[in-house]
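Here is what each chain is made of, one letter per residue.
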Amino acid sequence: MHEALTRDAPAVPDDRRDLAISHNKLGGLMEKTGDLVGALAEQRKFQELMGTLAAEHPEVPDYRRELAVSHGRIGGLLTRTGDL
């Protein structure tokens, strides 16, 4: 649903943030079930979307904060998968 919204109205940052959060939450669920590779892929999608939002909207500190937190999550996942 969020993907359709962002495709139909890409200029609406809240829809893109919601899509990013969906990837983040899905990644968290995948991590809890042991699918670290899938979790890493979802976290990277979150990071890409949030990075774009942070660059386009520097006036919104939450975008930068969430992006920074995702760097830590990706680092943790890379460590656990042995890719770091």
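Up top is the structure.
Describe in detail helix 2 (residues 13-32), supporting the description with residues and values.
End to end, helix 2 covers 29 Å across 20 residues, agreeing with the expected 28 Å (1.5 Å per residue, within 8%). Where helix 2 is concerned, the buried positions are Asp 15, Arg 16, Leu 19, Ala 20, Ile 21, His 23, Asn 24, Gly 27 and Met 30. Once helix 2 ends, the next one or two residues include Gly 34, with phi positive near 95 degrees.

Tell me about the pattern of salt bridges, and please be specific about residues and values.
In the structure shown here, the tally under the stated rule is six salt bridges. We note a salt bridge from Lys 45 to Glu 42, for which the minimum N-O separation is 3.4 Å. Separated by three residues within a single helix, Lys 45 and Glu 42 lie in helix 3 (residues 36-56), roughly one turn from each other. The class of Lys 45 is partly exposed, set by a relative accessible area of 39%.

Reading guide: rules and limits
- Residues numbered from 1 in each chain as written.
- Predicted model: local features only at pLDDT ≥ 70, side-chain atom pairs only at ≥ 80, totals over all residues.
- Heavy atoms only, no water.
- Helix = DSSP H or I, 4+ residues; strand = E, 2+ residues; numbered from the N terminus.
- Expected span 1.5 Å × (residues − 1).
- Buried < 20%, exposed > 50% of the residue type's maximum accessible area, 1.4 Å probe, protein only.
- Salt bridge = Lys/Arg side-chain N within 4 Å of Asp/Glu carboxyl O.

None of this, on its own, says anything about what the molecule does.
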